[in-house]
Amino acid sequence: MWERGLVLSAPGKVILHGEHAVVHGKVALAVALDLRTFLRLRPCAEGRLRVRLPGVGVVRSWDIPQLQALRTGFAADFDESKSPSTEQLDTLREFAGIAAGASAPESLATLAFLYMCLAISAKYGDVPGVDILVWSELPTGAGLGSSAAYAVCLAGALLTACGAISCPLQEGESTARWPEEELSLINSWAFQGERVIHGNPSGVDNAVGTWGGALRYRSGTITPLKRVPTLRILLTNTKVPRSTKILVAGVKEKILKFPAIMNPVLDSIDAISQECQSVLEAMPVDPSPEHYPVLEELFDINQHHLNVMGVGHPSLDRLCQVTMSHGLHSKLTGAGGGGCGITLLRPDTSSLAVEAAKRDLSACGFECWETNIGAPGVTLHHSSSLRAEVLRALAES
C-alpha cells in the first residue's frame, strides 16, 4: 500500500534523429535517457499538501480545505482531454503568488503541481495529505525532457494516492510498472502538466517518460518502436544557451530561400530516421559490436545535415572532433545551436577511451554523463533498488 510511502522515477529523453525535420512533417526518433527524475511520496499527517523541489528551490505547502475551496470556485471542469484554461491558470497563479507571465522553472513547476492536484482530485476524489519530494539527475532547460519526467512522476504519484490507479509493487519486488491502461492514464495527465509548463507541447516527451524505450513521431502521431536495445552513450552538455524558437525560424527561412537544396536534406533526414528505426528493431536486446557501424555512419551523416541546416555551433563541432579523436561518433541532439550532443559507445569501447574522451570534453568546459538510451519508462521502486546517491537525495531533510 502506498500509505507506507512510494518512490517512483521517470526517464528524460533525447532525440536520436529527426531534429528540425520533424517540424516539416518528417519522422523523428525519441529515446528514453537513463538519467531520471525521482519522486518520493509520503502521507502528511497534518492534512496538508507539501511539495519540495530542491533542484529549483521550491518548498511549498497548502491546507487541503484551502485547496478544496479553490477547486469548487472553478467554472470550467477539469478534464485530461482539455487544455488547462487561461482562467484556471490565472486563478492558480494568484493563489500561489506567482506573477503573471512568470516563466522561471520554480514558478512553472509549482503551477503544474497545483493544476494536476486539483484536476486529479476533481475527477477521482480528493488527493489525501501527502508530502512530495522530487530530485532529478536531469539538468533543466537542456532539452532533455526534465519537465516531462517531473510531470510523469507527479501524475503517477497523485493518481496512485487518490486510488485512480493501482500500486503494482508487490512485497519482495525491487521494481514494478503499471499495466498498459494505467500507463495511458498517467501519460494523459502528464501531458496536462506539460501543457501548463509549455503551452503547446508535442506530447513526445511525456510519452517517452511514461513508456520508455523509443518512439517514432510524425505529424502528431506517436508510435512506440517494437523492440529497442539499451545502448550506451555519452551525453554532453556544451552549456551554450540557445533559443529553440530562433533556430526553428532560421531553418524555415533557409527552406523558403533554397527549396530545391533544402527539401532533399529534409528527405534525407527522414530516411536516416527510418533506417535507424529498422536497425534498432532488428538488433538483439544485448547487441554485439557488428551492429554499430551503421548507427555510427547515420550519426555522422545526420550531423553534417544539421550543420547544412544552420543549427550547428562551434561548441558542437568541437564535441564531434574531440570524440572522433578517440574513435567515437557524435551528433547534436535537440534544437542545436549549442545545447547537448550524444556520442555512441560500442560494447567493446574500452573504459580508457571513454575516460579519456570525458576528460577532454570536460577540459572544453562541457559537462558529461555516461548513461544509456532505451531505458524503461515510469517505474515504482522499492528503496533497496535505489542507488546510495538517490537514497541520500530523497532522505528526510
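Structure's up top.
Structure report, in brief. (Residues numbered from 1 in each chain as written. Predicted model: local features only at pLDDT ≥ 70, side-chain atom pairs only at ≥ 80, totals over all residues. Heavy atoms only, no water.)

Right, let's talk about the overall build of the chain for a bit. Per the secondary structure count, the chain includes 12 helices and 13 strands. Expected size for 397 residues packed as a compact globule is a radius of gyration near 21 Å; at 21 Å, the chain falls within 12% of this value. Projected onto its principal axes, the C-alpha positions of the chain cover 60 × 50 × 40 Å. For the chain, with 397 residues in total, the buried portion stands at 55%. Across the chain, contacts joining residues at least 24 apart in sequence account for 76% of those joining residues at least 6 apart. A total accessible area of about 16,600 Å² is found for the chain, and carbon and sulfur atoms account for 53% of it. (Helix = DSSP H or I, 4+ residues; strand = E, 2+ residues; numbered from the N terminus. Rg over C-alpha atoms; globule rule 2.2 N^0.38 Å. Buried < 20%, exposed > 50% of the residue type's maximum accessible area, 1.4 Å probe, protein only. Contact = heavy atoms within 4.5 Å. Areas by Shrake-Rupley, 256 points an atom, 1.4 Å probe, with all protein chains shown as cover.)

All right, on to the nonpolar core then. Of all hydrophobic cores here, the largest spans 85 residues; its most connected members are I132 and L235. Residue contributions to this core peak at 12 residues, all from helix α3 (residues 105-124). With residues up to four places along the chain from it excluded, the contact list for I132 reads L39, R40, L41, R50, V51, R52, F113, L154 and L158. In terms of nonpolar packing, the next biggest core, distinct from the first, is built from 24 residues, A21, L266, L306 and M309 among them. (Core = buried A, V, L, I, M, F, W, Y, C linked by side-chain atoms within 4.5 Å.)

On to the environment of D317, then. As for its position among the elements, D317 is in helix α10 (residues 314-324). Here the alpha-carbon distance between D317 and I269, two residues 48 residues apart in the chain, equals 19 Å.

Glancing now at helix α7 (residues 244-257). Every α-helical turn comprises 3.6 residues, leaving residues that sit three or four positions apart pointing alike. Compared with the 20 Å implied by 1.5 Å per residue over 14 residues, the 20 Å span of α7 between its first and last C-alpha is a close match. Within the span of α7, buried status applies to L247, V251 and I255. For α7, the buried positions fall inside an angular range of 80° around the axis, keeping them on one side. Exposed and oriented more than 90 degrees from the buried face of α7 are K245, I246, K252, E253, L256 and K257. Buried residues along α7 sit in contact with α8 (259-282). (Expected span 1.5 Å × (residues − 1). Arc of directions from axis to C-beta.)

A few words now on the state of the cysteines. Inspection of every chain in the model, using the stated rule, returns zero disulfides. Not part of a disulfide, C320 finds its nearest cysteine sulfur in C364, a span of 12 Å. Judged by its relative accessible area of 19%, C320 is buried. For the unlinked cysteine C364, the closest cysteine sulfur is that of C368, found at 9.0 Å. (Disulfide = S-S within 2.5 Å.)

On to the packing of helix α2 (residues 86-96) against α3, then. At a minimum axis separation of 10 Å, α2 and α3 run at an interaxial angle of 115°. One way to sum up the angle between α2 and α3 is to call them roughly perpendicular. Between α2 and α3 lies a crossing of right-handed hand. Across the interface between the two elements, Q88, L89, L92, R93, F95 and A96 from α2 touch T110, L111, L114, Y115 and L118 from α3. Residues of the contact of α2 with α3, tallied by class, amount to eight nonpolar, two polar and one charged. (Axes fitted to C-alpha atoms, helices over the stretch in contact; angles between N-to-C directions. Parallel < 35°, antiparallel > 145°, perpendicular 65-115°, else oblique. Left-handed = near helix turned anticlockwise from the far one by under 90°. Nonpolar A, V, L, I, M, F, W, Y, C, P; charged D, E, K, R; others polar.)

Before going further, it helps to spend a moment on helix α6 (residues 204-211). A large share of α6 lies buried, amounting to seven of its eight residues. Here the buried face of α6 lies against β1 (6-17), β2 (28-43), α4 (146-161), α5 (180-198), β7 (214-218) and β8 (221-224). One or two positions beyond α6, positive phi appears at G212, with a value near 70°.

With that out of the way, let us pick up the side chain of S9. Within the secondary structure layout, S9 lies in strand β1. A distance of 2.8 Å separates the side chain of S9 from the side chain of R36, its partner in a polar contact. (Polar contact = N/O pair within 3.5 Å; in protein donor to acceptor, adjacent residues only side chain to side chain.)

Another aspect to go through is the side chain of K331. Take K331: it is sitting in strand β10 (residues 329-333). On the accessibility criterion, K331 (1% relative accessible area) is buried. Apart from residues lying up to four places away in sequence, K331 is in contact with I15, L16, H17, E19, F299, N302, Q303, L306, G341 and I342.

Running from N to C, α3 and α5 point in directions that differ by 140°, and their axes come no closer than 9 Å. The pairing of α3 with α5 is recorded here as oblique in orientation. Crossing hand, α3 versus α5: right-handed. Of the residues in α5, those in contact with L108, L111, A112, Y115, M116, A119, I120, K123 and Y124 of α3 are L185, W189, A190, Q192, G193, V196 and I197. The residue inventory of the contact of α3 with α5, partitioned by class, reads 13 nonpolar, two polar and one charged.

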